[in-house]
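# Inside the fold
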Amino acid sequence: MSEPERPTWSAMTEEAVIGGQRPIVYSHCRLRVTSGPSQGRSLESEKDTIRVGSAPENDLVLEDSLVSRFHFEIRKIQGSFKLVDVGSKNGTFIGEVEIREALIRKRTELSLGESTVALEPLSTEVIAAPSGTGRLGAMVADSLAMRRIFTVVERIASTELPILLTGEAGTGKETLARTIHSQSRRAGGPFVALSLRALPEKLIETALFGYEPQAVPGATETYAGAFERARGGTLFLDDLESLPAPLQARVDRAIERSEIQRVGGVHHERVDARLVAAARPELKKRVESGELSAELYHRLAVIELAIPSLTERREDIPRLVESFFETWSDELERRGVLARRMSPAALERLGRYTFPGNLRELMNILQQAASVARDSEITTEDLPPEVLGRPSSEARAGHGFPDASMPFKDAKAQVLDLFERQYLEDLLSRHEQNISKAAREAGIDRRHLYRLLDKYEIEVVGRDDKGEA
């Protein structure tokens, strides 16, 4: 029998939740110490594996000399909770019966050492009625679809639940992931983003899990992968569809068990990162075809948010334009750009454009139009030719070439930035992230190469905090 489909929520569904759309339902549990030295201590968690014992690495720590360092685990399995004694010295009991494994579906008292812990399974529904606000962190919207997403994020950001974001390229998946992080209990921790599509396939394993020195020729120090560097914060895995099949089970285990094994390592390392993944809309087809593990998909898609394309949320464009000028006002002033708003006619014309590049393209269009505007207001004639439907060599802007009517200095800087980023990404890929070889071929000093990489926020696999790789 196939596994029942988990409830998910799509922002693309126009039917109101209260009118029949399924709410998101997720399971979690509450642990409360009802007697013993740690009486009164409690924990409520959505994690797939919850560890209980006397060691400080546990999720629930019991200061009880008769409790083992790692005494038992609570493992979430399809909405139920499985108690597993992990080899404790004095055992785990339900009443007078010693338990090695038990499936728990209702409140149960567990005895261990001199302590009693009450385990209470919980289930929570999130009804995605549109948020009453049009702003969430750095994101703005007026559309029902996005405001429903805002509601879900407001409700689940503070949990430990994995989240899967799906949407076309440029729809703002990383921005939403950063917003989730900023709204979470982990906001003070790191936000580590890793694009699986941007890395050569054979480097993805070390980028995720790190390595021991003996596993990599020439390496002298341990390298912490993305799971470890995100400890205490959020790990954002972009382009999930690019995760190689041989690594899918390892990522699934890392999420389930909160532990990883470095390449070349023999021990498991505890990790503590909240997972947010992003993928293109066709991800489910990859699951159906077997290209992506169904287990990993369901592990991540406890909360699944489908982000609409900009064409499907055109009513947000005026709000996004206004937000652009608010966010970039200081930078525009520094560059001597006069524009601070858009004329109604230009805004109307912009709203009719199809935006194949979504939000990313909108931001590029606004920067370009603001740069060529001769006044404080962007007019229709300041918009790029592709927006106006004019066949022109200026349409090369979609391939990285600026509008010829831009000031020469701005046009040159734009082309240079595009060239440098592409050159550096290709250079690192060709030399498999080896900085020494890349610097030699490019004919530049290693330190200068690092400064360029930092400028464009290009990550180097194997780089330590001193900038060495």
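Okay, so let's go over this structure. (Residues numbered from 1 in each chain as written. Predicted model: local features only at pLDDT ≥ 70, side-chain atom pairs only at ≥ 80, totals over all residues. Heavy atoms only, no water.)

## Regarding the overall build of the chain
Going by this rule: By the criteria applied, helices consist of DSSP H or I runs no shorter than four residues and strands consist of E runs no shorter than two, each listed in order from the N terminus. Under the scheme applied here, a residue whose accessible area is under 20% of the maximum for its type counts as buried, over 50% as exposed, and between as partly exposed, the area being computed with a 1.4 Å probe on protein chains only. In what follows, a contact means two residues having at least one pair of non-hydrogen atoms within 4.5 Å. Note on areas: these come from Shrake-Rupley sampling with a 1.4 Å probe, and a residue is covered only by the protein chains present in the view.
From N to C terminus, the chain includes 14 helices and 23 strands. The buried share of the chain, taken over its 469 residues, is 50%. Across the chain, contacts joining residues at least 24 apart in sequence account for 61% of those joining residues at least 6 apart. For the chain, the accessible area works out to roughly 22800 Å², and carbon and sulfur atoms hold 49% of it.

## Let's talk about the pairing of strand E21 (residues 303–306)
Working note: regular strand, side chains alternate between the two faces of the sheet. Our working definition: Only strands joined by at least two bridges in the DSSP assignment are considered to pair.
In E21, alternate side chains face the same way, and those of Ile 303 and Leu 305 on one face and Glu 304 and Ala 306 on the other are all buried. Of the strand pairs in this sheet, strand E15 (residues 163–166) and E21 are connected by four bridges, and their pairing is parallel. Paired with Leu 164 across the two strands is Glu 304, which belongs to E21.

## Section: the packing of helix H8 (residues 317–334) against helix H10 (residues 358–372)
What counts, and what does not: Lines fitted to C-alpha atoms define the axes here, with helix axes fitted over just the stretch in contact, and angles between the N-to-C directions of these axes take values from 0 to 180 degrees. Angle categories: roughly parallel below 35 degrees, roughly antiparallel above 145, roughly perpendicular from 65 to 115, and oblique for all the rest. Handedness of a crossing is defined here by the sense of rotation of the near helix relative to the far one, left-handed for an anticlockwise turn of less than a right angle and right-handed for a clockwise turn. Note on residue classes: Ala, Val, Leu, Ile, Met, Phe, Trp, Tyr, Cys and Pro are nonpolar, Asp, Glu, Lys and Arg are charged, and everything else, Gly too, is polar.
Running from N to C, H8 and H10 point in directions that differ by 55°, and their axes come no closer than 11 Å. One element, H8, and the other, H10, form an angle in the oblique class. H10 is crossed by H8, and the crossing has right-handed handedness. Touching Leu 320, Val 321, Phe 324, Trp 328 and Leu 332 of H8 are Leu 359, Leu 362, Met 363, Leu 366, Gln 367 and Ala 370, all from H10. Its residues placed into classes, the contact of H8 with H10 shows ten nonpolar, one polar and no charged.

## Some words on the packing of helix H13 (residues 435–442) against helix H14 (residues 446–455)
The N-to-C vectors of H13 and H14 enclose an angle of 100°; their axes lie 9 Å apart at closest approach. Taken together, H13 and H14 sit at an angle that is classed as roughly perpendicular. Between H13 and H14, the residues in contact are Ile 435, Ser 436, Ala 438 and Ala 439 and Arg 446, Leu 449, Tyr 450 and Leu 453, respectively.

## Side note on helix H3 (residues 201–209)
Along H3, the positions that sit buried rather than exposed are Leu 203, Ile 204, Thr 206, Ala 207, Leu 208 and Phe 209. Of the surrounding elements, those touching the buried residues of H3 are strand E16 (191–195), helix H4 (226–229), strand E17 (233–238), helix H5 (245–257) and strand E18 (259–260). Positive backbone phi, at 75°, marks Gly 210, one or two positions downstream of H3.

## Comments concerning the side chain of Thr 234
This is how the line gets drawn: Between N or O atoms, a polar contact is any pair within 3.5 Å; within protein, one atom must be a potential hydrogen donor and the other a potential acceptor, and residues adjacent in sequence are included only when both atoms are from side chains.
Mapping Thr 234 onto the fold places it in strand E17. Polar contacts involving the side chain of Thr 234 include one to the side chain of His 181, which spans 2.7 Å. If we ignore the near neighbours within four places in the chain, the residues touching Thr 234 are His 181, Pro 190, Phe 191, Val 192, Arg 274 and Val 276.

## Section: a nonpolar patch on the surface
Put simply, the rule is: The residues that make up patches have over 30% relative accessible area and no salt bridge, and they are joined within 9 Å when like-charged or within 5 Å when they are Val, Leu, Ile, Met, Phe, Trp or Tyr. Salt bridges are identified by distance alone: a Lys or Arg side-chain nitrogen within 4 Å of an Asp or Glu carboxyl oxygen.
A cluster of nonpolar side chains, contributed by Leu 416, Phe 419 and Tyr 423, occupies part of the molecular surface with about 280 Å² of accessible area. Secondary-structure assignment places Phe 419 in helix H12 (residues 408–430).

## Some remarks on the pairing of strand E20 (residues 273–279)
With respect to burial, E20 is a largely interior element, seven of its seven residues being buried. The side-chain alternation of E20 yields two buried faces, one formed by Ala 273, Leu 275, Ala 277 and Ala 279 and the other by Arg 274, Val 276 and Ala 278. Relative to E20, E15 runs parallel, the two being bridged by four bridges. What sits directly across from Leu 165, in E20, is Ala 278. Across five bridges, the pairing between E17 and E20 is parallel. Bridged to Leu 235 within E20 is Leu 275.

## Some details on the pattern of salt bridges
Tallied over the entire structure, the rule returns 35 salt bridges. A salt bridge links Arg 319 to Asp 142, with the nearest nitrogen and oxygen atoms 2.8 Å apart. Placement of Arg 319 in helix H8 and of Asp 142 in the loop between strand E14 (139–140) and helix H1 (144–156) is noted, with a sequence separation of 177 residues between them. Looking at Arg 319, the relative accessible area reads 23%, which means it is partly exposed. Judged by its relative accessible area of 38%, Asp 142 falls in the partly exposed class. Between Arg 341 and Glu 377 there is a salt bridge; the shortest N-O distance is 3.5 Å.

## Focus: the packing of aromatic side chains
Here is the rule: Any two rings among Phe, Tyr and Trp, with Trp reduced to its six-membered ring, count as a pair given centres within 6.5 Å; such a pair is stacked if its planes are under 30 degrees apart, edge-to-face if over 60, and tilted if neither. Charges are assigned to positions over rings by a cutoff of 6 Å between ring centre and Lys NZ or Arg CZ, combined with an angular limit of 35 degrees from the ring normal.
A full pass over the atoms with the stated rule returns six aromatic pairs. Put simply, the rings of Phe 324, Phe 325 and Trp 328 touch in pairs and so form one group of aromatic residues. Across from the ring centre of Phe 209, 4.1 Å away, lies the NZ or CZ of Arg 250, which sits over that ring.

## Side note on the sheet that holds strand E7 (residues 80–85)
Strand order in the open sheet made by the five strands is E5-E4-E6-E7-E10, with mixed pairing throughout. Every other strand in the sheet has two partners, leaving strand E5 (60–61) and strand E10 (101–104) as the edge strands with one partner each.

## So, H10
Quick note on the threshold: What a helix is expected to span follows from its residue count: subtract one and scale by 1.5 Å.
With 15 residues, H10 extends 22 Å between its outermost C-alpha atoms, agreeing within 8% with the 21 Å of an ideal straight helix rising 1.5 Å per residue. The element H10 is extensively covered by neighbouring structure, given that eleven of its 15 residues are classed as buried. Along H10, the residues classified as buried are Asn 358, Leu 359, Glu 361, Leu 362, Ile 365, Leu 366, Gln 368, Ala 369, Ala 370, Ser 371 and Val 372.

## Description of the environment of Arg 374
Counting through the fold element by element, Arg 374 comes out in the loop between H10 and strand E23 (377–378). Exposure remark for Arg 374: the relative accessible area of 71% places this residue in the exposed category. In the structure, Arg 374 is positioned 35 residues away from Ala 339 in sequence and 7.6 Å away in space, judged by C-alpha atoms.

## Describing unusual backbone geometry
The phi torsion at Ser 258 lies on the positive side, around 55°, for a residue other than glycine. Assignment of secondary structure puts Ser 258 in the loop between H5 and E18. Owing to a relative accessible area of 10%, Ser 258 belongs among the buried residues under this scheme. Backbone geometry at Phe 355 places phi at a positive 50°, although glycine is not the residue there. Position of Phe 355 among the secondary structure elements: in the loop between helix H9 (344–351) and H10.

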